[in-house]
Amino acid sequence: MRYISLFLILIFVFFSNKSYSQQTFIHKEAGVQLVIPPGWFYESEDNNITFYPEDKDLVVSITIHEMNNVESIIDSLISDLTKLYTSVDLTNPKEDNIHGMKGWHFYGTAKNEEEDLMIQYGLYLTPLNKILELGVVASGDIFEKYKKDIKSIQDGLKPLEK
Amino acid sequence: MQNIDWVKEFPASITVCDIEGVILYMNDIAIEVFKDDGGVSLIGTNLLECHPEPSRTKLKNMLKSGMTNTYSTLKNDKKKIIHQAPWFINNEYKGFVEIAFEVPFEIPTFIR
């Protein structure tokens, strides 16, 4: 019995470590998984998820929307950014495709009171008919600091593996 | 009433900051809630420093406008109400108070 318990503990530890090293965030309702960069953390509140590094100087925000008019979500996003910042200059949303999921992305620049900012947003239709919004707003140097991590989050978004 | 410190152990997280965002006060629950971020040592630090964009600009606008902000959050099957409102002394705007507390999923509404 003791050996069986030890075996179960070892299996648990093995799979716990595996799951930790993979750094995968799963959103079952949307049917997607995302890669959390090594050393990053996440918080999840209802349909809002944030990924952030240890220094907490950047946030990658992920929002799961109910299937809706994508254009209205983009319009509302642009409207919010315009209300929040000045000199907002964004590209027109461009069609995208990531791991078979259709999407749109746009990027651009804006200013807050202190600095110039870079903006990057992507919206993707998930396998379970939700819209996943993934966005980052940060100053140029912060963007540069986490460029690889941001890319790994974007590239790591894919349908949930069965 | 002035000498009764009812806020310290009040069962809600209460944080007070000045108009620049510098934390002036945290009650016991707030210190516990934010223990991973520094707990009591957060007093004297600026809230803006620990809020990256876009929250930073939102917070800055809120401090500037003095407009109340209320919302609910859902985390780990717990629902919380977050109420952020300006505080005053002799009608002079002095900063913001954030009160956060857990509520049941269904809250009775009495029409009166």
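Residues numbered from 1 in each chain as written. Chains lettered and ligands numbered in written order. Predicted model: local features only at pLDDT ≥ 70, side-chain atom pairs only at ≥ 80, totals over all residues.

K.L.:
Give me the overall build of chain B: which residues, what numbers.
P.N.:
For chain B, the count of helices and strands is two helices and five strands. Overall, chain B is about 40 × 35 × 30 Å in size when its C-alpha atoms are taken along their principal axes. Put simply, chain B has 112 residues, and 18% of those count as buried. Excluding contacts between residues fewer than 6 apart, the proportion of contacts in chain B whose partners are at least 24 apart in sequence is 30%. (Helix = DSSP H or I, 4+ residues; strand = E, 2+ residues; numbered from the N terminus. Buried ≥ 20, exposed ≤ 12 C-beta atoms within 10 Å, placed from the backbone. Contact = placed C-beta atoms within 7 Å.)

K.L.:
Which residues make up the pairing of strand β10 (residues 130-139) of chain A, and what values do they have?
P.N.:
Residues and elements named next belong to chain A. Within β10, nine of the ten residues are buried, which leaves the element mostly enclosed by the surrounding structure. As defined by bridge partners, strand β9 (residues 116-125) adjoins β10 across nine bridges and the pair is classed as antiparallel. Its bridge partner being in β10, Leu125 is matched across the sheet by Ile131. Hairpin connection of β9 to β10: four residues between the antiparallel strands, including Asn129 at a positive phi of 55°. (Pairing = 2+ DSSP bridges.)

K.L.:
Outline the interface of chain A and chain B, supporting the account with residue identities and numerical values.
P.N.:
Taken together, the contact pairs 13 residues of chain A with ten residues of chain B. Of the residues in the side of chain A that touches chain B, the class split is seven nonpolar, one polar and five charged. (Nonpolar A, V, L, I, M, F, W, Y, C, P; charged D, E, K, R; others polar.)

K.L.:
Help me get a handle on the sheet that holds strand β2 (residues 32-35) of chain A, residues and values and all.
P.N.:
Across a sheet, paired strands are connected by hydrogen bonds in the backbone, their directions being either parallel or antiparallel. All names here are of chain A. Read from one edge to the other, the open sheet built from three strands follows the order β1-β2-β11, with strand pairing classed as antiparallel. Edge positions in the sheet fall to β1 (24-27) and β11 (158-159), since each has one partner strand and no second. Here β2 runs beside β11; their pairing, made up of two bridges, is antiparallel. In the strand pairing of β11, Gln33 is matched with Lys158.

K.L.:
So what's going on with the sheet that holds strand β3 (residues 69-75) of chain B? Residues and values would help.
P.N.:
Residue and element names in this part refer to chain B. Read across the open sheet, the five strands follow the order β2-β1-β5-β4-β3; overall the sheet is antiparallel. Lying at the two open borders of the sheet, with one neighbouring strand each, are β2 (23-26) and β3. Direction aside, the axes of adjacent strands within the sheet are offset by 20° on average. (Axes fitted to C-alpha atoms, helices over the stretch in contact; angles between N-to-C directions.)

K.L.:
I'd like a description of unusual backbone geometry, backed by residues and values.
P.N.:
Following Glu53(B), the chain continues into Pro54(B) via a peptide bond in cis, with omega recorded as 0°. Within the secondary structure layout, Pro54(B) lies in the loop between α1 (28-33) and α2 (55-65). Phi at Ser87(A) takes a positive value of approximately 45°, unusual for a residue other than glycine. Checked against the element boundaries, Ser87(A) lands in strand β6 (residues 86-90). Backbone geometry places Asn129(A), a non-glycine residue, at a positive phi of 55°. Note that Asn129(A) resides in the loop between β9 and β10.

K.L.:
I'd like to hear about the confidence of the model for chain A, residue by residue, with values.
P.N.:
Close reading of the predicted structure is inappropriate where its pLDDT is low. When pLDDT is averaged along chain A, the result is 85, and 86% of the positions lie at 70 or above. Counted against residues more than four places away or in other chains, residues 1-22 of chain A, with its pLDDT under 50, gives zero contacts. (pLDDT = per-residue confidence, 0-100.)

K.L.:
An account of the environment of Ile81(B) is needed here, citing residue identities and associated values.
P.N.:
All names here are of chain B. The residue Ile81 is located in strand β4 (residues 78-89) in this model. We classify Ile81 as partly exposed; it has 15 C-beta atoms within 10 Å. Expressed as a C-alpha distance, the spacing of Ile81 and Pro108, which sit 27 residues apart in the sequence, is 15 Å. Setting aside its immediate chain neighbours within four residues, Ile81 contacts Ser72, Phe101 and Val103.

K.L.:
Report on the environment of Gly38(B), specifying residues and quantitative values.
P.N.:
Tracing the backbone shows Gly38(B) in the loop between α1 and α2. In this structure, the C-alpha to C-alpha distance between Gly38(B) and Pro86(B), residues 48 residues apart in sequence, is 24 Å.

K.L.:
Give a detailed account of the nonpolar core, specifying residues and quantitative values.
P.N.:
In terms of nonpolar packing, the biggest core is built from 25 residues, with Val60(A), Leu132(A) and Ala138(A) touching the most fellow members. Secondary-structure elements contributing two or more residues to this core are β2, β5 (60-66), β9 and β10 of chain A. With six residues, the top contributor of residues to this core is β10(A). Among the nonpolar cores identified, the runner-up in size contains nine residues, and Val16(B), Met26(B), Leu47(B) and Leu63(B) belong to it. (Core = buried A, V, L, I, M, F, W, Y, C linked by C-beta atoms within 7 Å.)

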